[in-house]
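Here is how the chains run, residue by residue.
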Amino acid sequence: MDRLLQRLAETRRLLVIGAHPDDEDTRLLTVLAQGLGVDAAYLSLTRGEGGQNLIGEELGVGLGLLRSRELEAARMVDGARQFVTRAYDFGYTRSVAETRALWPPDSILRDVVRVVRRFRPHVIVSTWSGTPRDRHGQHQMAGAVAHEAFDAAADPARFIDLRMEGLAPWRTLTLYRSTRFDAGATTLTLETGTLDPRTGLSHHQLAMASRSRHRSQDMGQLQTPGPNRTRLGLVRDRTNATDGQLFSGVPRDTSWLSRLADSLRSAVGPTRLADAVAPLSAALGRWRREGGDGARERLLERAVATAAGLVMDVRSSAETAAPGSALDVTVYLYNGGPHDVRIERLGVVSSGAFAEAGLDTVLHLAPAGEYTHTFRVDVPDGTPPTQPYFLERPRNGALYDWSEASPHDRAELFAAPPLEGRARLRVADGPPVRLAREATYRFNDQAVGEQRRPIRVVPPIDVALEPERVFWSTTGPDQREFTVSLTYHGVERVSGDVGLEVDGRPLVAGRRFAFERAGERLVFAFPVTREQIGGVGATVRAVARTADGGVFDRSSVVVDYPHVRPTAWVRPAEAAVRIAQITLPAVDVIGYVRGASDRVPEALLGIGLPVELLRAEALARGDLSRYDVIVVGSRAYETDSALVQHNSRLLEYVRAGGRLIVQYQQYQFSRGDYAPYPLAITFPSDRVTDERAPVRVLVPEHPTFSSPNRIGLQDWDGWPQERGLYFAGTWDTRYTPLLEMRDPGMDPVQGALLVTSYGAGTYVYTGISFFRSLPAGVPGAYRLFLNLLALELGDDR
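Residues numbered from 1 in each chain as written. Predicted model: local features only at pLDDT ≥ 70, side-chain atom pairs only at ≥ 80, totals over all residues. Heavy atoms only, no water.

1. A look at the packing of helix 1 (residues 2-9) against helix 8 (residues 256-267)
To describe two helices that pack against each other, one gives the angle between their axes and the distance between the axes.
Moving on, step 1. One way to put it is that helix 1 packs onto helix 8 with a least axis distance of 8 Å and a crossing angle of 155°. Relative to helix 8, the element helix 1 lies roughly antiparallel. With respect to the hand of their crossing, helix 1 and helix 8 are arranged in left-handed fashion. Seen from helix 1, the contacting residues are Asp 2, Leu 5, Gln 6, Leu 8 and Ala 9; seen from helix 8, they are Leu 257, Ser 258, Ala 261, Asp 262, Leu 264 and Arg 265.
Moving on, step 2. Partitioned by chemical class, the residues of the contact of helix 1 with helix 8 number six nonpolar, two polar and three charged. (Axes fitted to C-alpha atoms, helices over the stretch in contact; angles between N-to-C directions. Helix = DSSP H or I, 4+ residues; strand = E, 2+ residues; numbered from the N terminus. Parallel < 35°, antiparallel > 145°, perpendicular 65-115°, else oblique. Left-handed = near helix turned anticlockwise from the far one by under 90°. Contact = heavy atoms within 4.5 Å. Nonpolar A, V, L, I, M, F, W, Y, C, P; charged D, E, K, R; others polar.)

Here is the structure:
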């Protein structure tokens with residue numbers, strides 16, 4: 001209640017602009033939103049699709065969905081709001097020119113201006129300077145756009161079409177930039193170690209809890225109490241104020257509503273909430289009569305309902321529903337306060353996926369009274385599966401296409417919930433108060449307790465194809481097996497045929513299927529020959545056709561982690577097949593320590609190599625000598641504590657004649673001295689972000705480039721997103737660097753691939769992005785990696 005009253009009293013607004021999830025200054029957002037009640041928000045140009053994933057397998061769009069939910073979870077802790085643009089994070093780049101080529105500046109500026117005109121901040125804080133010192137090209141563009149939007153949002157001649165969305169020009173008064181990384185430019189320091197009396201934690205501690213929600217980015221933080229601060233540098237000032245305060249020239253609101261909210265904060269405590277009902281109800285009525293803005297009206301309604309002790313819950317009978325089916329949605333109201341309540345309207349409303357239902361009648365809800373009503377809600381035939389609004393249409397290059405999305409949804413992380421329960425009530429003869437709550441599916445987890453899941457529409461027949469990517473060697477087996485899974489969500493018996501297609505033509509003979517009831521699942525195995533695919537590969541589709549003419553070729557999948565809200569999205573039932581010539585090394589068994597977002601083991605298994613995952617027990621006590629080669633996945637020294645604890649056993653394995661390949665690790669790896677000889681990943685790390693960057697072989701006669709596959713210039717074609725990252729920056733002379741590459745305009749680097757003898761064995765460190773290129777089916781990546789698996793250097797003893 002205190003936060004609601006504080007927000008009613010405070011009308012100042014501040015917007016932070018950055019490029020990615022985790023760019024935001026959570027200390028600034030927390031001290032403003034939680035400490036001062038300021039309406040603070042963060043605008044991230046991207047959803048972070050181009051990064052790595054410390055906690056799961058998702059990359060690309062799936063990672064963007066996870067990081068979007070992490071942004072949402074972070075804002076729930078620090079109290080700020082969240083916006084985003086259409087920009088798709090295409091990965092780390094040093095080049096602002098490349099960034100501008102992929103993100104048309106006028107399009108990104110339009111999105112930022114849209115947010116400024118909608119949110120109407122008095123102050124903008126740019127995380128980045130917009131200069132080369134920001135390093136990342138996307139950081140540089142975020143800084144430049146933030147500075148440009150300060151003027152463009154106020155210019156009535158710019159982006160006139162935004163008036164169609166009801167967005168008039170807005171003149172922000174001051175522009176700051178964060179000086180977290182440039183203390184010399186600081187003109188304002190804000191104390192963030194102050195105590196929040198409502199939680200007993202400092203604002204810095206709350207900010208670190210917020211930042212720790214970015215789990216996929218290894219952003220976990222200690223919540224250290226005590227003094228702390230954040231720094232800003234003034235860039236532009238339209239106020240001519242001289243007091244040196246963040247909101248200089250923006251006085252606090254002194255209207256009657258702000259004065260009332262301030263007085264109630266000091267007069268009403270947790271045990272006297274009901275005393276606030278009468279003055280808040282009177283304020284709500286007056287606000288409406290005077291034509292006050294809708295945002296504060298909604299705050300007043302929430303404050304009245306909270307003071308009156310009103311509780312609303314909306315529960316669905318199921319988590320999923322298919323077109324043509326229905327859900328039972330139960331709306332529950334409880335009057336936990338001392339006042340009589342009249343229910344004037346009750347219903348469920350939809351953002352488009354469901355039919356709507358309502359109940360128009362006056363009902364009396366006495367103190368301690370309850371009321372429950374269950375509505376039958378239909379899902380119309382033809383309703384598409386639930387997925388985020390920005391995925392409804394294919395991307396336009398590196399921009400999401402939200403041209404058909406509601407103007408209200410554009411720039412939001414996600415659209416409004418598909419189904420909400422709503423009520424209109426009067427408390428003690430006061431003005432009408434509107435309540436709303438999302439309909440969710442509730443169930444009990446016997447280990448955890450109550451769990452809530454958002455409801456979603458799913459296809460009547462969910463079609464999934466595995467594997468999703470296939471690299472097929474011309475020298476490997478002529479036949480492979482594809483698996484199609486059908487899951488039925490419909491309401492009536494259905495039958496049909498399911499098969500595989502390439503370019504619209506049947507690839508293999510179809511199979512009959514029949515479903516009697518929802519929840520049934522069928523799995524079909526289809527053998528396919530390489531000759532049937534043909535050429536250098538194709539996209540294979542799984543398609544189910546029903547007897548009544550229905551065609552189904554998609555599946556609804558969920559990005560789901562304990563710390564965020566689950567998110568459904570739709571994926572086509574497709575497999576990308578790539579055919580090329582490779583030669584496998586002569587190995588009997590490969591041991592593999594899986595890393596973060598690491599699908600390399602599956603890529604190796606897919607070409608017929610024998611791979612065993614090494615878990616804690618094997619690393620601690622297993623017979624490592626039985627492996628011809630052991631591979632450590634990317635960032636595994638961060639994610640696998642057993643690897644850290646038993647690294648000495650791996651080095652002994654190498655010393656005794658084994659082969660060990662360590663893929664890219666971050667700074668903890670070199671700080672921990674886990675390599676056999678000194679090797680340092682310098683800060684900032686060497687990397688090559690241009691996936692087309694020329695590669696020079698430093699030791700052409702080295703077996704890495706000849707056995708069992710001969711590596712040529714064509715093997716560096718078609719790599720995704722980057723050449724590599726976290727290259728070694730310095731190394732002991734006993735390592736041999738094998739490759740040299742560089743980004744445009746940068747000095748060449750040679751730490752992408754280092755090899756050395758250690759005892760009787762062979763040790764390899766590589767920052768090459770095999771974790772992206774192998775699952776993507778890049779032939780040259782396979783050939784090079786297979787050569788590393790076969791590499792045997794001389795004995796250095």
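2. Thoughts on the sheet that holds strand 27 (residues 521-529)
Moving on, step 1. Strand order in the open sheet formed by three strands is 21-23-27, and the pairing between neighbours is antiparallel. In this open sheet, the two edge strands, each paired with only one partner strand, are strand 21 (461-466) and strand 27. Recorded for the sheet is a direction-independent mean angle of 20° between the axes of neighbouring strands.
Moving on, step 2. Bridge count between strand 21 and strand 23 (residues 479-488): six bridges; the pairing is antiparallel. Paired with Leu 465 across the two strands is Val 484, which belongs to strand 23. (Pairing = 2+ DSSP bridges.)

3. Structural notes on helix 6 (residues 137-152)
Within an α-helix, residues lying three or four positions from one another point in the same direction, as the helix has 3.6 residues per turn.
Moving on, step 1. The end-to-end C-alpha distance of helix 6 is 22 Å, a good match for the 22 Å that 16 residues give at a rise of 1.5 Å each.
Moving on, step 2. In terms of residue burial, helix 6 counts as a mostly covered element, since 12 of its 16 residues are buried.
Moving on, step 3. Taken as a whole, helix 6 has its buried residues at Gly 137, Gln 138, His 139, Gln 140, Met 141, Ala 142, Gly 143, Val 145, Ala 146, Ala 149, Phe 150 and Ala 152.
Moving on, step 4. Looking at the buried side of helix 6, the elements it contacts are strand 1 (13-18), helix 4 (96-102), helix 5 (105-119), strand 4 (123-126), strand 5 (174-178) and strand 9 (229-237). (Expected span 1.5 Å × (residues − 1). Buried < 20%, exposed > 50% of the residue type's maximum accessible area, 1.4 Å probe, protein only.)

4. What about the pattern of salt bridges?
Moving on, step 1. This model, assessed by the stated rule, comprises 73 salt bridges.
Moving on, step 2. The shortest N-O distance in the salt bridge between Glu 72 and Arg 69 comes to 3.0 Å. Taken together, the residues Glu 72 and Arg 69, both in helix 3 (residues 61-78) and three residues apart, mark about one turn of the helix.
Moving on, step 3. A salt bridge links Arg 512 to Asp 497; its shortest N-O distance comes to 3.0 Å. Linking Arg 512 in strand 26 (residues 511-515) with Asp 497 in strand 24 (residues 494-502), this pair joins segments that are 15 residues apart in sequence.
Moving on, step 4. Take Asp 497: its relative accessible area is 35%, and that puts it in the partly exposed class.
Moving on, step 5. Residues joined in a network through salt bridges with shared partners are Asp 313, Arg 315, Arg 437, Arg 442, Glu 450 and Arg 452. (Salt bridge = Lys/Arg side-chain N within 4 Å of Asp/Glu carboxyl O.)

5. Here's the deal with the sheet that holds strand 33 (residues 590-593)
Moving on, step 1. Pairing in this open sheet of seven strands is mixed, and the strands run 34-33-35-36-45-44-42 from one edge to the other. Two strands close off the open sheet at either side, each with one partner strand: strand 34 (611-613) and strand 42 (736-737).
Moving on, step 2. Pairing of strand 42 with strand 44 (residues 753-758), which is carried by two bridges, proceeds in the antiparallel orientation. Across the sheet, residue Pro 737 finds its bridge partner in strand 44, namely Leu 754.
Moving on, step 3. Here helix 19 (residues 779-790) sits on the sheet in contact with strand 33, strand 35 (629-632), strand 36 (659-662), strand 44 and strand 45 (761-766), set at roughly 145° to strand 36.

6. Quick word on the environment of Thr 254
Moving on, step 1. For Thr 254, the location among the structural elements is in the loop between strand 9 and helix 8.
Moving on, step 2. Sequence separation between Thr 254 and Thr 11 is 243 residues; the distance between their C-alpha atoms is 9.8 Å.

7. Some remarks on the environment of Gln 451
Moving on, step 1. By the element assignment, Gln 451 lies in strand 19 (residues 449-454).
Moving on, step 2. Looking at Gln 451, the relative accessible area reads 26%, which means it is partly exposed.
Moving on, step 3. C-alpha of Gln 451 to C-alpha of Thr 440: the two residues are 11 residues apart in sequence and 9.7 Å apart in space.
Moving on, step 4. In contact with Gln 451, not counting residues within four places along its chain, are Tyr 441, Arg 442, Phe 443 and Asp 445.

8. Quick notes on the packing of helix 8 against helix 9 (residues 277-289)
Moving on, step 1. One way to put it is that helix 8 packs onto helix 9 with a least axis distance of 11 Å and a crossing angle of 170°. Judged by the angle between their axes, helix 8 and helix 9 are roughly antiparallel. Judged by the twist between their axes, the crossing of helix 8 over helix 9 is left-handed. Seen from helix 8, the contacting residues are Trp 256, Leu 257, Leu 260 and Leu 264; seen from helix 9, they are Pro 279, Leu 280, Ala 283, Arg 286 and Trp 287.
Moving on, step 2. Residues of the contact of helix 8 with helix 9, tallied by class, amount to eight nonpolar, no polar and one charged.

9. Details of unusual backbone geometry
Moving on, step 1. In this structure, Pro 467 follows Glu 466 across a cis peptide bond, with omega equal to -5°.
Moving on, step 2. Secondary-structure assignment places Pro 467 in the loop between strand 21 and strand 22 (469-473).
Moving on, step 3. A cis geometry characterises the amide bond from Ser 707 onward to Pro 708, with omega recorded as -5°.
Moving on, step 4. With respect to the helices, strands and loops of the structure, Pro 708 is situated in the loop between strand 39 (695-697) and strand 40 (724-727).
Moving on, step 5. In this structure, Phe 159 is a non-glycine residue whose phi angle is positive, near 55°.
Moving on, step 6. Positive phi values are uncommon outside glycine, yet Asp 673 reaches one of about 55°.
Moving on, step 7. In this fold, Asp 673 is placed in the loop between helix 17 (667-671) and strand 37 (679-680).

10. Topic: helix 9
Moving on, step 1. In this model, helix 9 (13 residues) spans 18 Å end to end at C-alpha, consistent with the 18 Å of a helix rising 1.5 Å per residue.
Moving on, step 2. Within helix 9 the residues assigned to the buried category are Val 277, Leu 280, Ser 281, Ala 283, Leu 284, Gly 285 and Trp 287.
Moving on, step 3. Contacts made by the buried residues of helix 9 are with helix 1, helix 8, helix 10 (294-308), strand 16 (419-427) and strand 17 (432-438).
Moving on, step 4. Directly after helix 9, the chain includes Gly 291, whose backbone phi takes a positive value near 70°.

11. Remarks on the pairing of strand 12 (residues 326-335)
Moving on, step 1. The buried fraction of strand 12 amounts to seven of the 10 residues, a majority that puts the element mostly inside the structure.
Moving on, step 2. Strand direction decides the pairing type here: strand 10 (residues 310-316) and strand 12, joined by seven bridges, are antiparallel. From the neighbouring strand, Val 311 faces strand 12, where its bridge partner is Tyr 334.
Moving on, step 3. Pairing between strand 12 and strand 15 (residues 370-378): nine bridges, direction antiparallel. Bridging from a neighbouring strand, Tyr 332 pairs with Thr 372 of strand 15.

12. Focus: the packing of aromatic side chains
For any pair of aromatic rings, the description consists of the separation of the ring centres together with the inter-plane angle of the planes.
Moving on, step 1. Under the criterion given, the structure shown has 25 aromatic pairs.
Moving on, step 2. Between Phe 471 and Tyr 782, the aromatic rings sit 4.0 Å apart at their centres with planes inclined by 15°, giving stacked as the arrangement. In this pair, Phe 471 sits in strand 22 while Tyr 782 sits in helix 19, placing the two residues 311 residues apart along the sequence.
Moving on, step 3. For Phe 471, a relative accessible area of 4% gives the class buried.
Moving on, step 4. Pairing Tyr 664 with Tyr 726 gives two aromatic rings, centres 5.7 Å apart and planes at 20°, and the pair type is stacked. Here Tyr 664, found in the loop between strand 36 and helix 17, pairs with Tyr 726, found in strand 40; they are 62 residues apart in sequence, far enough to count as distant.
Moving on, step 5. The buried category is assigned to Tyr 664, whose relative accessible area is 2%.
Moving on, step 6. Three or more aromatic residues joined by ring pairs make a cluster, and in this case those are Tyr 88, Tyr 389, Phe 390, Tyr 400, Trp 402 and Phe 414.
Moving on, step 7. Lying across the ring of Phe 414, Arg 47 places its NZ or CZ 5.8 Å from the centre.
Moving on, step 8. The ring of Tyr 88 carries the charged tip of Arg 395 above its face, separated from the ring centre by 3.8 Å. (Phe/Tyr/Trp six-rings, centres within 6.5 Å; stacked < 30°, edge-to-face > 60°. Lys NZ or Arg CZ within 6 Å of the ring centre and 35° of its normal.)

Distances and angles like these do not, on their own, reveal function.
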